[in-house]
Structure formats: structure tokens, C-alpha cells
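Each chain, letter by letter, is given below.
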Amino acid sequence: MRHAIRLAQRAEAQGEVPVGAVVIQDGVCLAEGWNKPIALHDPTAHAEIVALRAAAGVVANYRLPDATLYVTLEPCVMCMGAISHARVKRLVFGAYDPKRGAVCHALSLTDAAFLNHKVSWEGGILEDCCAGLLRDFFRVRR
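What counts and what doesn't
All residue numbers here refer to positions counted from 1 along the written sequence of the relevant chain. In view of the model being predicted, local features appear only for residues whose pLDDT reaches at least 70, and side-chain atom pairs are presented and counted only at 80 or more, with totals across whole chains, interfaces and linings using the full set of residues. The basis for every side-chain value is the complete set of heavy atoms in the structure, and neither hydrogens nor water enter the calculation. Stacked, tilted and edge-to-face are the three classes applied to pairs of Phe, Tyr and Trp rings, where Trp contributes its six-membered ring and a pair requires centres within 6.5 Å; stacked means planes under 30 degrees apart, edge-to-face means over 60, and tilted covers the rest. Burial status follows relative accessibility: with a 1.4 Å probe on protein chains alone, a residue under 20% of its type maximum counts as buried, one over 50% as exposed, and anything between as partly exposed. Note on geometry: axes are lines fitted to C-alpha atoms, helical ones only across the stretch in contact, with angles between N-to-C directions running from 0 to 180 degrees. Numbered from the N terminus, helices here are DSSP runs of H or I no shorter than four residues, and strands are runs of E no shorter than two. Oblique is the label for every angle not falling under 35 degrees (roughly parallel), over 145 degrees (roughly antiparallel), or within 65 to 115 degrees (roughly perpendicular). Left-handed describes a crossing whose near helix is turned anticlockwise from the far helix through less than a right angle; right-handed describes the clockwise counterpart. Here, residues are in contact when the closest pair of their heavy atoms is within 4.5 Å. Counted as positive: Lys and Arg. Counted as negative: Asp and Glu, with His and the chain ends omitted from the count. Take a side-chain nitrogen of Lys or Arg and a carboxyl oxygen of Asp or Glu: if they are within 4 Å of each other, that pair is a salt bridge. Polar contact is the term for a pair of N or O atoms within 3.5 Å; when the atoms are in protein, one must be able to donate a hydrogen and the other to accept it, and sequence-neighboring residues count only if both atoms are side-chain atoms. When DSSP finds at least two bridges between two strands, those strands are taken to pair.

Asker: Which parts of the structure should I look at to understand the packing of aromatic side chains?
Answerer: The relative placement of two aromatic rings is captured by the distance of their centres and the angle of their planes. Here the structure, examined in full by the defined rule, presents three aromatic pairs. Their ring planes at 85 degrees and their centres at 5.1 Å tell us that Phe93 and Tyr96 sit as a pair that is edge-to-face. On the basis of relative accessible area, Phe93 is assigned to the buried category, the value being 0%. By relative accessible area, which is 29% here, Tyr96 ends up partly exposed. Here the aromatic rings of Phe137 and Phe138 are separated by 5.0 Å at their centres, their planes lie at 85 degrees, and the arrangement is edge-to-face.

Asker: Looking at this structure, how should I read the packing of helix H3 (residues 47-59) against helix H4 (residues 77-85)?
Answerer: A packed helix pair is summarised by two numbers, namely the angle formed by the two axes and the spacing between the axes. Across the interface, H3 lies against H4 with an axial gap of 9 Å and an inter-helix angle of 20 degrees. Regarding the angle of H3 to H4, the classification is roughly parallel. The hand of the H3/H4 crossing is left-handed. Here H3 contributes Glu48, Ile49 and Leu52 to the contact with H4, which in turn contributes Met78, Cys79, Ala82 and Ile83.

Asker: Just checking my understanding: could you explain the side chain of Glu16 for this structure?
Answerer: Mapped onto the fold, Glu16 is located in the loop between helix H1 (2-13) and strand S1 (20-25). No salt bridge is formed by the buried Glu16, whose closest oppositely charged neighbour, Lys36, lies at an N-O distance of 8.6 Å. Of note is the side chain of Glu16, whose polar atom sits 3.2 Å from the backbone nitrogen of Ile38. Setting aside chain neighbours within four positions, we find Glu16 in contact with Ala11, Asn35, Lys36, Pro37, Ile38, Ala39 and Phe137.

Asker: Looking at this structure, I do not really get the sheet that holds strand S5 (residues 120-122). What am I missing?
Answerer: What links the strands of a sheet is backbone hydrogen bonding, and the strands pair in either a parallel or an antiparallel sense. Strand order across the open sheet formed by five strands is S2-S1-S3-S4-S5, with mixed pairing between neighbours. Edge positions in the open sheet fall to strand S2 (28-34) and S5, since each of these has one partner strand only. This sheet shows a mean twist of 15 degrees between the axes of neighbouring strands, independent of strand direction. Bridge count between strand S3 (residues 67-73) and strand S4 (residues 90-95): five bridges; the pairing is parallel. Among the inter-strand pairings, Leu69 is bridged to a residue of S4, identified as Leu91. In the packing of helix H5 (residues 127-141) onto the sheet, the strands contacted are S3 and S4, and the crossing angle to S4 comes to about 60 degrees.

Structure, rendered in C-alpha cells:
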């Protein structure tokens, strides 16, 4: 998670919302990502999507069934869809997102009956640090 936090700081330095993500498999970092929708002019360029795309390229497979995704913020509905389609085994996130989180807040897609893949998850890891990055980022912009 500390590496994902460093990536979130990189996003912030580039004027993006500070979210970072890392894909780990067998103790090895397969790929990393940070928010880039502004820089790439791409609304799908969330940290999770960037990291999942890169990881899929590394293993030459769109499925990542033995991977763990670490991300600094509870994923949104789009990212949870990608996580499910990639068959990520485990999701670990830092800050909860009560307004848009699709793990256990706005939606609970990890428990959705219509999805045939269940992702195990754990939230609140280094939550204060992850939430602080976001809080400080938006405080400056308001």
C-alpha cells in the first residue's frame, strides 16, 4: 500500500486526483498505475484500470486470477467491473468512498449476485494517509 501511496502522490504532482494502484502476484509487482484521465484525455484512466491493463500486458492474459490489487481509494463501479472481469483474486484499498465506492458503500459489487466472480477484499489499510491525500488535494482546489 505504501507504494500505491507514492503513486497517488505522483498523480497529485501531475494535477490528477491522488489515487495509486499496484498489482502484485506471487510477491512480485506486476504493474502499477495512478490516475491519468486528465493527461490522457481518457475518462477510463483511473489508477486501477491503468494498473490492470499494464499487468494484463505483462502476463499476456486479460485474466489475473492470482493477483492482488492494492489501491488507495475504494474503487468506483467502473473499476469494480474491470476488477471482476480480470478475475482479480484479492482487493486491498485504503480510503473508503461513501459517495461513489462500489465495494461496500454506494454499491456492494463484491457481493452482487449477477457477477460470477467474487473478489475478496479488505479496506481501511493505511486509511488515514490515503484519505488525507484526497482531503488535502480537494481542500486546495476548493
